[in-house]
Each structure stands twice: as structure tokens, then as C-alpha cells.
Amino acid sequence: MKQLKRPARRTLLVTHVATSVSWLGLTLGLLTLGITAFFTDDAATTQAAYRAMKIFADWLIIPIALLALLSGVLLSLGTPWGLARHRWVWTKFWLTLITLAATVFALRPGITDAAAAGLPDSSLVAAPTVASCAYLFMTAISVLKPWGLTRRGRRLQRMAPARRITSRKAVDERSSAPTA
């Protein structure tokens, strides 16, 4: 994919960070409600907490998660990081897919069942805990960028010197400044 121009890259970066942080925040909200529902002795509080979780799950989680995935993929494809060049990007991509699938196929149905039953459910404490840890881990690797290149990234890097020389000449020819 062609590299994004600076305004488009910045817009995508802000979108990705905002939606990723929103997804983490929503999950922490679900965790708080799940803990409240599980540990309270009041049946009405349990029911209210699960109904609130259902609103978050039905209206916010999926669109936010999909936008985080889409903006991350577009950002990776439109920047030098690439989708499969660096292990940290590749790891984030797969963790995002896994957590999105778990949200759609396990968490949302569990919340729907708990809201209907109104009974404490430990899985609605466990699932948001695991998801929050996954999102915090993805945030950490986004900042730290560990592990280096993937096999594909190393192969592209070996091919890159020829490209860099060509592009440097093109830049030098256009520039009026003397080059070293």
C-alpha cells in the first residue's frame, strides 16, 4: 500500500488511539459493573449492573472494537511499520482479532444471558479482566515496540538498501541544497 500523507496518517493515528483507549475504558467499565453485580447482596443492583453491561455491549463495544481494528490495519499498511514487518504490530493485530471475536461470540451472549437471569456470574468478572489485561498489554507494546522484525520484515529490510539509494537520488535531484 502507498504510504499515507502526513494529515491522513495523523488522522488515522488519532482515530486509532482514541478508539483503542475507548475500548479499554469500556472494558474497565464492564469489569466494574461485573464486579458490582457479582459481589453485591442486592438482587436489584445485580440486575441493574447487568442491564447497564448489556447497553454497553449492544451499542458501544462492537463499533468501537471494529473501528480500532480498521484504523490499526489502515495505519499499519500506510506507514513504514507495516502489518507483518514488526512482531509487535503483528502481535497487536492477532490479539485484536482474538479479543474482538471473544467479545462478539462469548462476552456479549454471556451479558445477554446474565441480564435475563439476573443472577451473579463470575465469567462476567473474568472476561473483562482478561480483556483489560490484553488491551493494557497491547498499549505497552505499542509504546515499547519490542521484539524486532518478523521474517518478512527482515527480508524487506535486506531489499531496502537498493530502494533507499534510488529514493535518495530522487530527493537529491529535486533539492537545491548540496548533498554530502
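Now for a look at the structure at hand. (Residues numbered from 1 in each chain as written. Predicted model: local features only at pLDDT ≥ 70, side-chain atom pairs only at ≥ 80, totals over all residues. Heavy atoms only, no water.)

### A word on helix α3 (residues 87-117)
Spanning 31 residues, α3 covers 43 Å between terminal C-alpha atoms, matching the ideal 45 Å at 1.5 Å per step. The largest bend in α3 amounts to roughly 40 degrees and is located at Thr-103. At the exit of α3 stands Gly-118, carrying a positive phi of roughly 70 degrees. (Helix = DSSP H or I, 4+ residues; strand = E, 2+ residues; numbered from the N terminus. Expected span 1.5 Å × (residues − 1). Bend = angle between axes of the 7 residues up to and from the residue.)

### What to know about the side chain of Thr-79
Position of Thr-79 among the secondary structure elements: in the loop between α2 (43-77) and α3. The residues contacting Thr-79, other than those within four sequence positions of it, are Gln-3, Arg-9 and Arg-85. (Contact = heavy atoms within 4.5 Å.)

### Topic: the packing of aromatic side chains
The full count for this structure, using the stated rule, is seven aromatic pairs. Judged by centre distance (4.5 Å) and plane angle (35 degrees), the rings of Trp-23 and Tyr-135 are tilted. Of this pair, Trp-23 sits in helix α1 (residues 6-39) while Tyr-135 sits in helix α4 (residues 123-144), placing them 112 residues apart in sequence. Like Trp-23, the residue Tyr-135 is buried in the burial classification. Each ring, one from Phe-137 and one from Trp-147, has its centre 6.2 Å from the other, and the planes form 40 degrees; the classification is tilted. Remark: Trp-147 occurs in the loop between α4 and α5 (151-174) and Phe-137 occurs in helix α4; sequence separation between them is ten residues. For Trp-147, a relative accessible area of 43% corresponds to the partly exposed category. Grouping aromatic residues by their ring pairs yields a cluster made of Trp-90, Phe-93 and Trp-94. (Phe/Tyr/Trp six-rings, centres within 6.5 Å; stacked < 30°, edge-to-face > 60°. Buried < 20%, exposed > 50% of the residue type's maximum accessible area, 1.4 Å probe, protein only.)

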